[in-house]
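A closer look at the structure
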Amino acid sequence: MASTYTPSHTDFVVEFKSGDFASSLITRRDFAPGEILAFLTEGRRSARTYQTDNIDLNSDFAYSNHSCVPNAVFDLSSTDPAKWNVRALTNIPAGTPVVWFYPSTEWEMIQPFECQCGTEQKKCVGRIQGAKALTYAEVAGRGWISPWIEELMMEREKRR
Ligand SMILES: C[S@@+](CC[C@H](N)C(=O)[O-])C[C@H]1O[C@@H](n2cnc3c(N)ncnc32)[C@H](O)[C@@H]1O
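Procedures and definitions
Residues numbered from 1 in each chain as written. Predicted model: local features only at pLDDT ≥ 70, side-chain atom pairs only at ≥ 80, totals over all residues. Helix = DSSP H or I, 4+ residues; strand = E, 2+ residues; numbered from the N terminus. Rg over C-alpha atoms; globule rule 2.2 N^0.38 Å. Buried ≥ 20, exposed ≤ 12 C-beta atoms within 10 Å, placed from the backbone. Near = placed C-beta within 6 Å. Nonpolar A, V, L, I, M, F, W, Y, C, P; charged D, E, K, R; others polar. Core = buried A, V, L, I, M, F, W, Y, C linked by C-beta atoms within 7 Å. Contact = placed C-beta atoms within 7 Å. Pairing = 2+ DSSP bridges. Axes fitted to C-alpha atoms, helices over the stretch in contact; angles between N-to-C directions. pLDDT = per-residue confidence, 0-100.

In the nomenclature of an unreviewed UniProt entry, the protein chain is known as SET domain-containing protein of Mycena sanguinolenta.

**Considerations on the overall build of the protein chain**
The number of helices and strands found in the protein chain is two helices and 11 strands. When the helices and strands of the protein chain are placed in sequence order, the string is β-β-β-β-β-β-β-β-β-β-β-α-α. For a compact globule of 160 residues, the expected C-alpha radius of gyration is about 15 Å, and the protein chain comes in at 15 Å, within 12% of that figure. Dimensions of the protein chain, computed from C-alpha atoms along their principal axes, come out at roughly 50 × 40 × 30 Å. Counting only residues that meet the buried cut, the protein chain has 29% of its 160 residues in that class.

**Quick look at the site of the ligand**
Close to the ligand lie 14 residues, the nearest being Phe 21, Ser 23, Asn 65, His 66 and Gln 116. Considering only residue class, the shell around the ligand consists of seven nonpolar, seven polar and no charged.

**Some thoughts on the nonpolar core**
One finds Leu 37, Ala 72, Val 86, Ala 88, Val 98 and Trp 100 to be the most contacted residues of the largest nonpolar core, which totals 24 residues. For this core, the elements supplying multiple residues, two or more each, are strand 3 (36-39), strand 7 (72-75), strand 8 (85-88) and strand 9 (99-100). Apart from the residues within four sequence positions on either side, Trp 100 is in contact with Ser 64, His 66, Pro 70, Ala 72, Val 73 and Phe 74. Counting residues in each nonpolar core, the second largest holds six residues, with Ala 131, Val 139, Ile 145 and Ile 149 among its members.

**Topic: the sheet that holds strand 7**
Sheet strands pair via backbone hydrogen bonds, and the direction of the pair is either parallel or antiparallel. The three strands are arranged 3-8-7 in an open sheet whose pairing can be described as antiparallel. Where the open sheet ends on each side, the last strands, each with one partner, are strand 3 and strand 7. When the angles between neighbouring strand axes are averaged without regard to direction, this sheet yields 15°. Relative to strand 8, strand 3 is paired through three bridges, and the arrangement is antiparallel.

**Considerations on the environment of Asn 71**
Counting through the fold element by element, Asn 71 comes out in the loop between strand 6 (65-66) and strand 7. Under the C-beta neighbour-count criterion, Asn 71 is labelled buried, with 22 such atoms within 10 Å. Along the primary structure Asn 71 and Val 98 are separated by 27 residues, whereas in three dimensions their C-alpha atoms are 6.6 Å apart. Not counting residues up to four positions away in its chain, the partners in contact with Asn 71 are Ala 88, Leu 89, Thr 90, Ile 92, Thr 96, Val 98 and Val 99.

**Some points on the confidence of the model for the protein chain**
Looking at the protein chain as a whole, its pLDDT mean stands at 89, while 90% of the residues score no less than 70. Among the scores for the predicted complex, ipTM is 0.99 and pTM is 0.93.

**So, unusual backbone geometry**
A positive phi is found at Phe 21, a non-glycine position, where the angle reads about 50°. Relative to the elements of secondary structure, Phe 21 occurs in the loop between strand 1 (12-15) and strand 2 (24-27).

Shown next, in the form of C-alpha cells:
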C-alpha cells in the first residue's frame, strides 16, 4: 500500500506500520495552537444516530490516532459542513503524530479499543469506547468537547 501512496494533504504524511491499526498521521511542518490543520472536505457525520455519531473520513486524516493528551481537535460543530476542521490544540512540531481525543466526538463507539497512547496512567482513560463511559470532566478536560456530546452528558446528569 505504502509504495503507491500519495499523501492527501501536503503538510502531512501517513507513517504506515505493519500490524492492525498501527499506522499514524504525521505533521511535516510546525503548527501553532488554534491553527487549522485541515478542513474536513472529505468528511461527513455518519447517518446512523445522533448518539453514535461517528466521523467517516476519506483522506489521510483517517489515520489520526486517539490520545488521552491530544494535540488536535476535530471540530464538526458548525451547521455548515464546509467549516468542519481539524485544529491544533497545542504546538505541534513537524514530525509529530496528529492525535485527538476520540470521545470528544463519539458517544458510543462501535469498535472500542484499549488505549496505547502512552501517557501516564492518571491521564489515560484506558478503554476507549466513547463519552458515554466517561464523566463530563474526563471529556471536557481535554480541551474540546463537541456540542452534541456536551448535550448528551448534560441530559445524563439531569437524569441522575
Ligand atoms: C481511525 S483509526 C486510526 C488509524 C489507525 N491507527 C490505522 O492504522 O489505521 C482508529 C483505530 O486506530 C487504533 N487506535 C487509534 N488510537 C489508538 C490508541 N491511542 N491506542 C490504541 N489503538 C489506537 C484503534 O484500533 C482504532 O480503532
